[in-house]
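In case you want the letters, here they are:
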Amino acid sequence: MDIGFVGIGMMGKPMAVNLLKAGHNVTVVNRSQGKVQELAGMGATPGGSPADAARGAEVVGLCLVGDAVVESVLCGEDGVLAGAEPGTIVLDHSTVHPEFARHMEEACAAQGVTYLDAPVSGTGDVAWGGRLTVMVGGDAAAFERTRPALDAVSANARFMGPVGSGNMAKLLNNMVKDINQLGVLETFVLGAKQGLDCGLLFHVMRHGASVSRQLERILPKILDRSFEQTSYVSTNIKDQDLMEWMIGQAGLELPLRNAARDSWLYAAQQGLFLRAPPPGRPKRGARPSWRYAAEQGLASADPPEAIKALEPIAGVEVAGELLPRDADVPPHDGRYGALDRATAAMYEVGVFEAFALTTKLGMDAQAMYEVMRTASGASARLERIGQVILGGASGDAGPSVDDYVACYEPLLEEARRDGLRMPLHEASASLWRRAAEQGLGSEPSSAAYAFYG
């Protein structure tokens, strides 16, 4: 297949390389010419402009940052549409506003070009291994025509519906990803404050109820204090802006997601995480604009570094030895299991909120489940609770609502006593207490989804 590819940065480069490895003819265009020449050495054709990438291409892939850049690359004087022939398909892997994606669809259609919004999930080894998850919105027949290109870069390319739904699915997955990631950071700061062995805690959790894609991705970095760049806080901040629009469209109140949003704000207030807050700066309540985070020099930080915003409050550093994955779980006291269960309980609330928002927006819940289980929002609890919510499993053999309530109370009491910030776990515990108060205490935890229904 003849493919043009514009944007060979942190995500675009492995995608373009995998297209070459699959035998496609690829013309690459990038602002940095060094990367273009590197891929030319691997067999790519260097292009001087987006129009060059589009000439003679069946498919043009875009992997760019922000609506304005996408519009310039597509519609500019020497943009993709200046070189594309009718019948060309644009696969836009950028994360953009869903309504903006629809505008780009209209601009492309005016010239006989088909636009698909096709954002991706996965970083690092996942991207280089061609195992990305791609969420595609647009024309179903065009989606099928792009299969050879999608199969070269992904393990799961899923059609989500009309243009815009690809980005909506990406944002829903990222909402769960943020909840899981930030909740895990809270868990490990509390564990370190309790004097637990953080390496053992990770080993218990990765073999327990709270195993997740985010736990596996970020904890080795944190334990080793080695924050290799695989993503950017600025990307999370941009996605939060888009989530505000989606939630407004649905008219839902999502307390756990709001706690995740506020946690990113709090981390942003700490600047680069490398200095203590100035005297008198409030630790809670202040809500500057999302732009403020980038202005503080935080934009280029790797998201797991957010733990440095929580550690000074607890007076701890989360570090430890990484046990071999196949090692038997050593004997441990009940506090390790309690943190594992509390984290799993938080994951479940995140799943509830994601499915409630999916349903309210009129999206395909089954397709959303299939996306999340291979993307950055994946977890063991998603696998089980998602099936129950979708009706694919009867009941839930997991913990009851009362089990989660009982697990949370001593943990949060200790956190409050020590002045720790645990907003995600507090929001999660509030849902479980409310469910118990409504008579669901003896029911399986999945019964609490009724509050969102």
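Predicted model, so just to flag it, every value in this text is computed and none were measured. (Residues numbered from 1 in each chain as written. Predicted model: local features only at pLDDT ≥ 70, side-chain atom pairs only at ≥ 80, totals over all residues. Heavy atoms only, no water.)

### Quick notes on the overall build of the chain
For the chain, the helix and strand inventory stands at 21 helices and 9 strands. Every one of the 453 residues in the chain was classed for burial, and the buried ones make up 57%. Sequence-distant contacts, at least 24 apart, represent 73% of the contacts inside the chain between residues at least 6 apart. Here the chain displays about 17,100 Å² of accessible surface, and carbon together with sulfur accounts for 49% of that area. (Helix = DSSP H or I, 4+ residues; strand = E, 2+ residues; numbered from the N terminus. Buried < 20%, exposed > 50% of the residue type's maximum accessible area, 1.4 Å probe, protein only. Contact = heavy atoms within 4.5 Å. Areas by Shrake-Rupley, 256 points an atom, 1.4 Å probe, with all protein chains shown as cover.)

### Description of helix α17 (residues 334-360)
Because the α-helix completes a turn every 3.6 residues, residues three or four places apart line up on one side. Over its 27 residues, α17 extends 39 Å from the first C-alpha to the last, a length consistent with the 39 Å expected when each residue adds 1.5 Å. Within α17, 20 of the 27 residues are buried, which leaves it mostly tucked inside the rest of the structure. The N-terminus of α17 is capped by Asp333, whose side-chain oxygen sits 2.9 Å from the backbone nitrogen of Arg335. One or two steps after α17, the chain reaches Gly362, where phi turns positive at roughly 75 degrees. (Expected span 1.5 Å × (residues − 1). Polar contact = N/O pair within 3.5 Å; in protein donor to acceptor, adjacent residues only side chain to side chain.)

### Side note on the side chain of Asp178
Of note, Asp178 is situated in helix α10 (residues 165-193). Those residues in contact with Asp178, other than ones at most four positions away along the chain, are Asn236, Gln240 and Trp264.

### A short note on helix α6 (residues 98-109)
Here α6 contains 12 residues, and its C-alpha end-to-end distance of 17 Å stays within 8% of the 16 Å for a straight helix at 1.5 Å per residue. Here α6 has its buried residues at Pro98, Phe100, Ala101, Met104 and Cys108. All buried residues of α6 project into a common sector of 150 degrees when viewed along the axis, lining one side. Looking at α6, the residues exposed on the side facing more than 90 degrees away from the buried face are Glu106 and Ala109. (Arc of directions from axis to C-beta.)

### With respect to the pattern of salt bridges
The final tally for this structure, using the stated rule, is 19 salt bridges. Arg416 is the salt-bridge partner of Glu426, the closest N and O atoms lying 2.8 Å from each other. Residue Glu426 is located in helix α21 (residues 423-440), and its partner Arg416 is located in helix α20 (residues 401-417); the two are separated by 10 residues in the primary sequence. Salt bridges sharing common partners tie together Glu244, Arg257, Arg261 and Asp262. (Salt bridge = Lys/Arg side-chain N within 4 Å of Asp/Glu carboxyl O.)

### Things to note about the state of the cysteines
Taken as a whole and assessed by the stated rule, the structure comprises 0 disulfides. Left without a disulfide partner, Cys75 is nearest to the cysteine sulfur of Cys108, which lies 6.4 Å away. (Disulfide = S-S within 2.5 Å.)

### Focus: the packing of aromatic side chains
Evaluated as defined, the whole model comprises 5 aromatic pairs. Pairing Tyr404 with Trp432 gives two aromatic rings, centres 4.9 Å apart and planes at 55 degrees, and the pair type is tilted. Of the two residues, Tyr404 is situated in helix α20 and Trp432 in helix α21; the sequence distance between them amounts to 28 residues. The residues Tyr404 and Trp432 share a single accessibility class, namely buried. (Phe/Tyr/Trp six-rings, centres within 6.5 Å; stacked < 30°, edge-to-face > 60°.)

### Observations concerning the environment of Cys75
Turning to its location among the elements, Cys75 is positioned in helix α4 (residues 67-75). Looking at Cys75, the relative accessible area reads 36%, which means it is partly exposed. The spatial distance from the C-alpha of Cys75 to the C-alpha of Ala51 is 9.8 Å, given a sequence separation of 24 residues. If sequence neighbours within four positions are ignored, Cys75 has contacts with Leu81, Met104 and Ala107.

### With respect to the packing of α17 against α21
At a minimum axis separation of 9 Å, α17 and α21 run at an interaxial angle of 75 degrees. With respect to their mutual orientation, α17 and α21 come out roughly perpendicular. In contact with Ala342, Thr343, Ala345, Met346, Glu348, Val349 and Phe352 of α17, α21 contributes Leu424, His425, Ser428, Leu431 and Trp432. Split by residue class, the contact of α17 with α21 holds 8 nonpolar, 3 polar and 1 charged. (Axes fitted to C-alpha atoms, helices over the stretch in contact; angles between N-to-C directions. Parallel < 35°, antiparallel > 145°, perpendicular 65-115°, else oblique. Nonpolar A, V, L, I, M, F, W, Y, C, P; charged D, E, K, R; others polar.)

This is a description of form; function is not addressed.
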